[in-house]
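Inside the fold
The primary structure of each chain is shown beneath.
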Amino acid sequence: MRNHAWLLALLLVGPAGVLAQGRVPEKAQAEVTRLSERITALESEIKGIHVEGYVFNPEERYLDAQVSFDLEHWNEAATQLFSLAEDPRFKTDSRYFEAVRMLAVSLFKMGNLEGARDYFEKLVEAGVEAGEALVYLVEIASTLGQTEDLRRYTAQVAGLSGQGSSDRLNYAYGKALFFIGDYGESFSALQVVPPGSSLFVKSRYIVAAILVAQNRLEEAETAFLEVVNGGEKTTEAGIIELANLSIARIAYEKGLLSKAADYYQRVPRKSANFQRALYEMTHLHIKASGLYEEPDKRYASLRKAL
């Protein structure tokens, strides 16, 4: 207990004060003096430290980041690339904008859309891979519902048209125009995307949506069928499901209830669109019940709805 008392006194008034008051047992005085000297020396050493930050080799960091990016380890790549993109030493490196591009893509893949947008806009401002950056920027703005940004990106894409276009740029341009309601220009831009393009199916889906908005249902159904029949069953499963839903809705509007039910049932149970398909099928069965005069058939249709 007595040992604890002198330690408490040391904490409360400091070693010099304790010694001056003579409250430390004689056997502990030497230890207190030694500790006091060590504390003083440590304080001087700490004051001499200059924080310089985390030092790394940019060359090695870039190679590590490139490997992580190629392996689609997005979180790891983003961490490594951020340190490069924000390092003043690397901003004069010839690979700086490539690092910025990889960082933007990594953030996009991680779902950090606002962070990705900032770095893609850096590329557009610098005029480095601006077309590719605008493709992503249109995707981000349409996902976040940022209409004003879409208008701005549309104008920027139009400014690049004289430098030669690509399927991705035409698709981005058409999609941006669709979301701001310019259906005529959007339709024209998307029609340029050829059947052999990896973006043909997505382009046809938006074209079909434009035709629905213009009440050209027969043409819209044909375009949606192109999506269903031409889409890759694994990588484009989501857009195929949306096309099936759209065909079902068109059939419903035309009174083709059996056909509508068939297309609704093509949406798999595990799909994110399954609940929507099920909900719309409920209305389909309710509508069908009103077409029957026989009570038994009406009852059967309502049971399906239930």
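Residues numbered from 1 in each chain as written. Predicted model: local features only at pLDDT ≥ 70, side-chain atom pairs only at ≥ 80, totals over all residues. Heavy atoms only, no water.

A few points about the confidence of the model for the protein
Per-chain confidence: the protein averages 84 in pLDDT, with 86% of residues scoring 70 or above. Overall, residues 6-13 carries pLDDT values under 50, and its contacts beyond four positions in sequence, including any with other chains, amount to 11 contacts. (pLDDT = per-residue confidence, 0-100. Contact = heavy atoms within 4.5 Å.)

Some words on the packing of aromatic side chains
Per the stated rule, a full pass over the model turns up 8 aromatic pairs. A ring pair is formed by Y96 and F97, whose centres lie 5.1 Å apart and whose planes are at 70 degrees; its orientation type is edge-to-face. Classification of Y96 by relative accessible area gives buried; the value is 7%. Measuring from centroid to centroid gives 4.6 Å for F120 and Y136, while their planes differ by 10 degrees, and the two rings are stacked. (Phe/Tyr/Trp six-rings, centres within 6.5 Å; stacked < 30°, edge-to-face > 60°. Buried < 20%, exposed > 50% of the residue type's maximum accessible area, 1.4 Å probe, protein only.)

Observations regarding the packing of helix α3 (residues 58-70) against helix α5 (residues 96-110)
The contact between α3 and α5 brings their axes to 11 Å, and the two run at 35 degrees. Every pair of crossing elements has a handedness; the one defined by α3 and α5 is left-handed. Residues Y62, Q66 and F69 of α3 lie in contact with α5, whose contacting residues are E98, A99, R101, M102, V105 and S106. Broken down by class, the residue content of the contact of α3 with α5 amounts to 5 nonpolar, 2 polar and 2 charged. (Axes fitted to C-alpha atoms, helices over the stretch in contact; angles between N-to-C directions. Helix = DSSP H or I, 4+ residues; strand = E, 2+ residues; numbered from the N terminus. Left-handed = near helix turned anticlockwise from the far one by under 90°. Nonpolar A, V, L, I, M, F, W, Y, C, P; charged D, E, K, R; others polar.)

Some words on the pattern of salt bridges
For the structure shown, the criterion picks out 19 salt bridges. The partner of E221 in a salt bridge is K259, and the shortest N-O contact between them spans 2.4 Å. Residue E221 is found in helix α12 (residues 217-230), and its partner K259 is found in helix α14 (residues 257-264); the two are separated by 38 residues along the sequence. (Salt bridge = Lys/Arg side-chain N within 4 Å of Asp/Glu carboxyl O.)

Here's the deal with the packing of α14 against helix α15 (residues 274-289)
One can describe the packing of α14 onto α15 by two numbers: an axis separation of 10 Å at closest approach and a directional angle of 160 degrees. Judged on the interaxial angle alone, α15 and α14 are roughly antiparallel. Between α14 and α15 lies a crossing whose hand is left-handed. Seen from α14, the contacting residues are L257, A260, A261 and Y264; seen from α15, they are A277, E280, M281, L284, K287 and A288. Residues that form the contact of α14 with α15 fall into these classes: 8 nonpolar, no polar and 2 charged. (Parallel < 35°, antiparallel > 145°, perpendicular 65-115°, else oblique.)

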